[in-house]
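Okay, here's what each chain looks like letter by letter:
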Amino acid sequence: MSTRPGPVPPPPVPPAPRPADGRSPHGLRPLLPSPVQEVREPAFERYGVRLLLKRDDLIHPDIPGNKWRKLAPVLAEADSRTVVTFGGAWSNHLRATAAAGRLLGFPTVGVVRGEELAGRPLNASLARCRADGMRLVFISRARYRMKGDPRVGAELVAEAAGSGPARVVPEGGSDHAAVRACAVLGEELAALRETTPVAAVACGTGGTLAGLAAGLAPEQEAVGVAVLKGGFLGAEVAAHQRGAFGGPRGRWTVEDGFHHGGYARTSPELETFAAAFEERHGLALERAYVAKLLHGLASLTAGGRFRRGTAVAAVITGRPFPTA
């Protein structure tokens, strides 16, 4: 019989933000280390592979999963500086940063891709950000693509934060400090080295995979399932490790064949898989990352990627968010 933790409902679009109370990050009581739950999933069991769920989605109700881990350095040094960060209209990272600012009392600014959005009603994700106190700055897609240029980036930060001090967090949160913070995820799973040789995570910018691999035991392997098309994530993960650790760390691979058309795209095959998984296990699957991870691992298992008797720990990085 499958372990059934009960449904994890998507969070509602929030009410007005609660006043900040000056608590430290430790006062927010994150659930760390996050629990590990084994489920009996036919797509894995028929090939003799065990599936474990690393429930990072339960770390904190407002800042779940790898977003908590990536924002840990920002939370630890939360002060009067404005945190400036970047993302698209449905960015999980923007929502997490806005929630962190509300909870710990620091100002946040989100630089949003798509100036055309400025004149439209806010979607549920951006409404959540604004309700949590984040100021939204909409810029053109062409200028957004140039944010990595030092001059353009400096201009954007100056426009967003004004003349005051700012803490800049990149898109997705994957700066060097965040990658090092994600190594703790690997260290938590390293405790399972005797029984769990593989740990897997969905990848957007590659920072979580870079840290996960660094924290695992030498005999363990980290597998990243890319949720964007383009085949660029391998180079990104390597660059993250050079910046955070000075060179390669751990054993890792990136699987590029399970993006289902690109970021936030889905497919009938993915929807069928996710709906069946949800029905069996009572766990709502976020589609942009988590469903693609589990579907990708099931496909890899069917293709013989993992030996019989292998246990795979899949990191559940977040929960669904309303899309309307």
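Residues take numbers from 1 onward in each chain, read along the sequence in its written order. With the structure being a predicted model, the display of local features is reserved for residues of pLDDT at least 70 and the display and counting of side-chain atom pairs for 80 or more, all residues being used for whole-chain, interface and lining totals. Based on all heavy atoms of the structure, the side-chain values leave hydrogens and waters out of the count.

Looking at the overall build of the protein
- A run of H or I in DSSP counts as a helix once it spans at least four residues, and a run of E counts as a strand once it spans at least two, with each numbered from the N terminus. Counting secondary structure elements, the protein contains eleven helices and ten strands.
- Throughout, radius of gyration means the C-alpha value; the globule benchmark is 2.2 Å times the number of residues raised to the power 0.38. Radius of gyration (C-alpha) of the protein: 19 Å, near the 20 Å computed for a compact globule of 324 residues.
- Along the first, second and third principal axes, the C-alpha set of the protein runs to 60 × 40 × 40 Å.
- Remark: exposure states derive from per-residue accessible area (1.4 Å probe, protein chains only) relative to the maximum for the residue type, with buried under 20%, exposed over 50%, and partly exposed in between. With 324 residues in all, the protein has 54% of them scored as buried.
- Throughout, a contact is declared for two residues whenever any of their heavy atoms are within 4.5 Å. Relative to all contacts within the protein whose residues are 6 or more apart in sequence, the contacts with residues 24 or more apart total 76%.
- Working note: accessible area of the protein is about 13700 Å², and carbon and sulfur atoms make up 55% of it. Each accessible area is a Shrake-Rupley result for a 1.4 Å probe, and residues are judged covered by the shown protein chains and nothing else.

Details of the packing of helix α10 (residues 268-281) against helix α11 (residues 287-302)
- For every element, the axis is a line fit to its C-alpha atoms; helices are fit only across the contacting stretch, and the angle between N-to-C directions ranges from 0 to 180 degrees. Running from amino to carboxyl end, α10 crosses α11 at an angle of 90 degrees, the nearest separation of the two axes being 10 Å. If you check the angle between α10 and α11, you find them roughly perpendicular. Here α10 contributes Glu269, Leu270, Glu271, Phe273, Ala274, Ala275, Phe277 and Glu278 to the contact with α11, which in turn contributes Arg287, Ala291, Lys292, Leu294, His295 and Ala298.
- Gly falls in the polar group here, along with every residue not listed as nonpolar (Ala, Val, Leu, Ile, Met, Phe, Trp, Tyr, Cys, Pro) or charged (Asp, Glu, Lys, Arg). Residues belonging to the contact of α10 with α11 are distributed by class as follows: eight nonpolar, one polar and five charged. Throughout this description, any angle smaller than 35 degrees is read as roughly parallel, any larger than 145 degrees as roughly antiparallel, any in the 65 to 115 degree range as roughly perpendicular, and the remainder as oblique.

Examining the confidence of the model for the protein
- pLDDT is a per-residue confidence score from the predictor, ranging from 0 to 100. Put simply, the protein has an average pLDDT of 90, and 91% of its residues get 70 or more.
- Across residues 1-23 the pLDDT falls below 50, and counting only partners more than four positions away or on other chains, this stretch makes 56 contacts in the model.

Some thoughts on empty space enclosed by the protein
- Here a cavity denotes a set of grid points, spaced 1 Å apart and computed over the protein atoms alone, in which a 1.4 Å probe fits but from which it cannot get out, and a pocket denotes an open set meeting protein on both sides within 12 Å along at least five of seven lines; residues with an atom within 4 Å of a point are reported as lining. Grid points are joined across faces, edges and corners, and a volume is the space filled by probe spheres set on the points. The full count for this structure, using the stated rule, is one cavity of 30 Å³ or more.
- Its volume calculated, the largest cavity comes out at about 40 Å³.
- In the lining of the largest cavity, the residues fall into four nonpolar, no polar and four charged.

Considerations on the side chain of Thr196
- Inspection of the secondary structure puts Thr196 in the loop between α7 (176-190) and β7 (198-203).
- In the analysis that follows, any N or O atom pair within 3.5 Å is treated as a polar contact, provided that within protein one partner can donate a hydrogen and the other can accept it, and provided that, for residues neighboring in sequence, both atoms belong to side chains. A polar contact is formed between the side chain of Thr196 and the side chain of Thr195, at a distance of 3.3 Å.

Topic: the sheet that holds strand β10 (residues 311-315)
- Read across the open sheet, the six strands follow the order β1-β2-β10-β7-β8-β9; overall the sheet is mixed. Both outer strands of the open sheet, β1 (36-39) and β9 (251-255), are each paired with one neighbouring strand and no more. The mean inter-strand angle of the sheet, taken between neighbouring strand axes irrespective of direction, is 25 degrees.
- Any two strands are treated as partners once DSSP identifies two or more bridges connecting them. Alignment of strand β8 (residues 221-226) against β9, held across five bridges, turns out to be parallel. Of the residues in β9, the one forming a bridge with Glu221 is Arg251.
- Along the sheet, α11 makes contact with β2 (50-54), β7, β8, β9 and β10, crossing β7 at roughly 135 degrees.

Things to note about the nonpolar core
- By convention a nonpolar core is built from buried Ala, Val, Leu, Ile, Met, Phe, Trp, Tyr and Cys residues, the set being connected through side-chain atoms within 4.5 Å. Core analysis: the biggest nonpolar cluster contains 32 residues, and Leu51, Leu53, Phe277, Leu285, Leu294 and Leu297 have the highest contact counts within it.
- Mapped by element, the contributors of at least two residues to this core are α1 (42-45), β2, β7, β8, α10, α11 and β10.
- For this core, the element with the highest residue contribution is α11, accounting for nine residues.
- Discounting chain neighbours no more than four positions away, the residues touching Leu285 are Ala274, Phe277, Glu278, Val290, Ala291, Leu294 and Pro320.
- Leu185, Ala199, Leu216 and Leu233 belong to the second largest nonpolar core, which has 20 residues in total.

Re unusual backbone geometry
- Along the chain, Leu32 connects to Pro33 via a cis peptide bond; the corresponding omega equals -10 degrees.
- In this fold, Pro33 is placed in the segment before β1.
- Non-glycine residue Arg29 carries a positive phi angle of around 55 degrees.
- Relative to the helices and strands, Arg29 resides in the segment before β1.
- Given a relative accessible area of 68%, Arg29 falls into the exposed group.
- For Ala264, which is not glycine, the phi dihedral falls at a positive 65 degrees.
- For Ala264, the position within the fold is in the loop between β9 and α10.
- Given the relative accessible area of 54%, Ala264 is considered exposed.

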